[in-house]
Amino acid sequence: MKHQIDIDQQGPLGGLMAEAIQTCVHCGFCLPACPTYRILGQEMDSPRGRIVLMKEVLEGQLPIADAGPHLDACLGCLACEPACPSGVRYRELISPFRSTRQSRRSVGQRIRCWLVSRTLPFPGRFRFAARAAGWLKPFAGRLPESMRPMLELLPHALPSRQQLPNLVAAKGARRARVALLAGCAQQVLEPDINAATIDVLTRNGVEVLIPAGQSCCGALSWHVGNLKQAQQFARRNLAAFPDDVDAVISNAAGCGSGMREYGAMLKGTDQEPAAEQFSQRILDVSEFLDRLGDMAPIPDLGKPLRVAYQEACHLVNGQQVAAAPRRILQRVPGLQLVPLADNSICCGSAGTYNLDQPEIAWQLGAEKATRIVAADPDLVASGNIGCIMQLRRHLAAKHSNLPVRHTMQILRDAYVATDGQSSPAHQ
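Here the structure is a predicted model, which is why all the values come from computation and not from measurement. (Residues numbered from 1 in each chain as written. Predicted model: local features only at pLDDT ≥ 70, side-chain atom pairs only at ≥ 80, totals over all residues. Heavy atoms only, no water.)

S.K.: What am I meant to see in the overall build of the chain here?
M.R.: A count of helical and extended segments in the chain gives 23 helices and 9 strands. Evaluated residue by residue, the chain yields a buried proportion of 57% over its 427 residues. Intrachain contacts of the chain at a sequence separation of at least 6 include 74% that bridge at least 24 residues. Surface exposure of the chain reaches about 18,300 Å², of which carbon and sulfur atoms provide 53%. (Helix = DSSP H or I, 4+ residues; strand = E, 2+ residues; numbered from the N terminus. Buried < 20%, exposed > 50% of the residue type's maximum accessible area, 1.4 Å probe, protein only. Contact = heavy atoms within 4.5 Å. Areas by Shrake-Rupley, 256 points an atom, 1.4 Å probe, with all protein chains shown as cover.)

S.K.: Please clarify how the confidence of the model for the chain should be interpreted in this entry.
M.R.: Regions with low pLDDT should not have their predicted coordinates read in detail. Of all residues in the chain, 89% have pLDDT values of 70 or greater, and the mean over the chain is 88. Ignoring residues within four places in sequence, the model shows residues 1-8, a span with pLDDT below 50, making 19 contacts including any to other chains. In the predicted structure, residues 422-427 sits below a pLDDT of 50 and forms 10 contacts with residues beyond four places in sequence or in another chain. (pLDDT = per-residue confidence, 0-100.)

S.K.: Looking at this structure, I do not really get helix 16 (residues 272-279). What am I missing?
M.R.: Structural remark: α-helix, 3.6 residues per turn; residues separated by three or four positions point the same way. Those residues of helix 16 that sit buried are Glu272, Ala275, Phe278 and Ser279. Axial view of helix 16: buried residues confined to an arc of 120°, hence all on one face. Counted as exposed and oriented over 90 degrees from the buried face of helix 16: Pro273 and Gln277. The inward-facing, buried residues of helix 16 abut helix 13 (227-240), strand 4 (247-250), helix 14 (253-259), helix 15 (262-265) and strand 5 (282-284). (Arc of directions from axis to C-beta.)

S.K.: Any chance you could explain the side chain of Ser400 here in plain terms?
M.R.: Take Ser400: it is sitting in the loop between helix 22 (385-397) and strand 9 (404-406). A distance of 3.3 Å separates a polar atom in the side chain of Ser400 from the backbone nitrogen of Leu402. Apart from residues no more than four positions distant in its own chain, Ser400 is found in contact with Val373 and Leu395. (Polar contact = N/O pair within 3.5 Å; in protein donor to acceptor, adjacent residues only side chain to side chain.)

S.K.: Explain the pairing of strand 4 here, please?
M.R.: Two faces make up the sheet, and in a regular strand the side chains alternate between them. Residues Ala247 and Ile249 line one face of strand 4 and the alternating positions Val248 and Ser250 line the opposite face, and both faces are buried. Note that strand 2 (residues 176-180) and strand 4 share 3 bridges and pair parallel. When the bridges of strand 4 are listed, Leu180 appears paired with Ile249. Here 3 bridges tie strand 4 to strand 5, and the two strands are oriented parallel to one another. The residue bridging Ile249 from the neighbouring strand is Leu283, located in strand 5. (Pairing = 2+ DSSP bridges.)

S.K.: Looking at this model, I keep getting lost on the packing of helix 21 (residues 358-375) against helix 22. Mind explaining?
M.R.: The angle between the axes and the distance between the axes are what describe a pair of packed helices. Contact geometry for helix 21 and helix 22: axes closest at 9 Å, N-to-C directions at 70°. As the angle between them shows, helix 21 and helix 22 are arranged roughly perpendicular. From helix 21, Ala361, Trp362, Gly365, Ala366, Lys368, Ala369, Ile372 and Val373 reach across to helix 22, where they touch Gln390, Leu391, Arg393, His394, Leu395 and Ala397. Of the residues assigned to the contact of helix 21 with helix 22, the class counts are 9 nonpolar, 3 polar and 2 charged. (Axes fitted to C-alpha atoms, helices over the stretch in contact; angles between N-to-C directions. Parallel < 35°, antiparallel > 145°, perpendicular 65-115°, else oblique. Nonpolar A, V, L, I, M, F, W, Y, C, P; charged D, E, K, R; others polar.)

S.K.: Any chance you could explain the sheet that holds strand 2 here in plain terms?
M.R.: Strand order in this open sheet of 5 strands is 1-3-2-4-5, and the pairing throughout is mixed. Looking at the sheet topology across the chains shown, the edges are occupied by strand 1 (167-168) and strand 5. Those strands touched by helix 11 (residues 192-203) are strand 1, strand 2 and strand 3 (206-209), and its axis lies near 145° from that of strand 3.

S.K.: Explain the sheet that holds strand 6 (residues 305-309) to me, please; I cannot follow it from the model alone.
M.R.: Remark on secondary structure: sheet strands pair via backbone hydrogen bonds, oriented parallel or antiparallel. Ordered in space as 7-6-8-9, the 4 strands form an open sheet in which the pairing is parallel. This sheet does not close on itself; its edge strands, each paired only once, are strand 7 (335-337) and strand 9. In this sheet, adjacent strand axes meet at a mean angle of 35° when their direction is disregarded. Two strands pair when backbone bridges link them, and strand 6 and strand 7 are joined in this way by 3 bridges, in the parallel orientation. Bridge pairing in strand 7 places Leu305 opposite Leu335. On the sheet, helix 22 packs against strand 8 (379-382) and strand 9 and is oriented at approximately 170° with respect to strand 9.

Structural data, given as structure tokens:
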């Protein structure tokens, strides 16, 4: 039975929220799929419970302060969507709702959101802030508790900055032309992912354009409820990315999923139609390569390699890409995919979740690391920078030296090894 709800006062996003709420039949299939419900065990910390809370807030039956903690605890991992038999588009409810309550957050929450929104989406600022924070790490115990997770998450040293060219030609006959989203935090924390992506694409006859005018994808702003900033980023990317490419490529699951939501971000604006069209052109790099077909062969390295592939939530749930990364990894001769128990459960990274909900994020990360160690792989693969940093952190906490690499880095390293060169993974 569908609920009748009038939330026109919420503006253009009201229609999205109303449809998601009305589609939910409260069957409960989402409960076991939800990481926070598994940990906290409360109905209000499940997708079904949160939908009820949001409905009551929007109808004026519940103060937003009572619902806020349960809504803030949501990872936004979207594991509830594939589990839902009614097809509830939870993503079209949680992010729009958070944008309606942005001004109602506590002072501390608003300050933290302000700091994050002014640094993470801007590589130059983020690099400066990360280096400055490195100086404070020895004094983390004396700082306010709310600041400690930010310091703990940062690596001890940042890799060298890599300047990306505007265009990289295909090697051999050109088979396709794509535009690459460079990302923001990824350029600072692991710029080699972009280098590996470009290398693999060009080896397979793909010309890669890196538009100079691009910005952060806007996903981080959108997921924490900063609609204004998310729209600014979306508009900038709509203007920066050309139409004469075969696809717009993302190599970060969260970014790709975020760009696929540009239609929702720009709902009710004059750019909504263009945003919807743009969203249809977004492909994760693994999906693009899988669709491209025959890849440049990788000669047998002569030794087996056991790889545990970790599902990034916004790749498998947000973009419905599950088989493609596995298929392209298996193109490496001798590579064996090792199954992970409960692979669909979020690792706890989820954008800024480590900062906002450090206890839950830590438990999820620790559990994921335990399952990885139990699988006994030689290497861990993932398709998202946030997951990679989270897994490295928690594997290190378990005194494991398992390397965690992006899918494209693994492929690039295999190609480079056959060239007789030194792979960045082994330097």
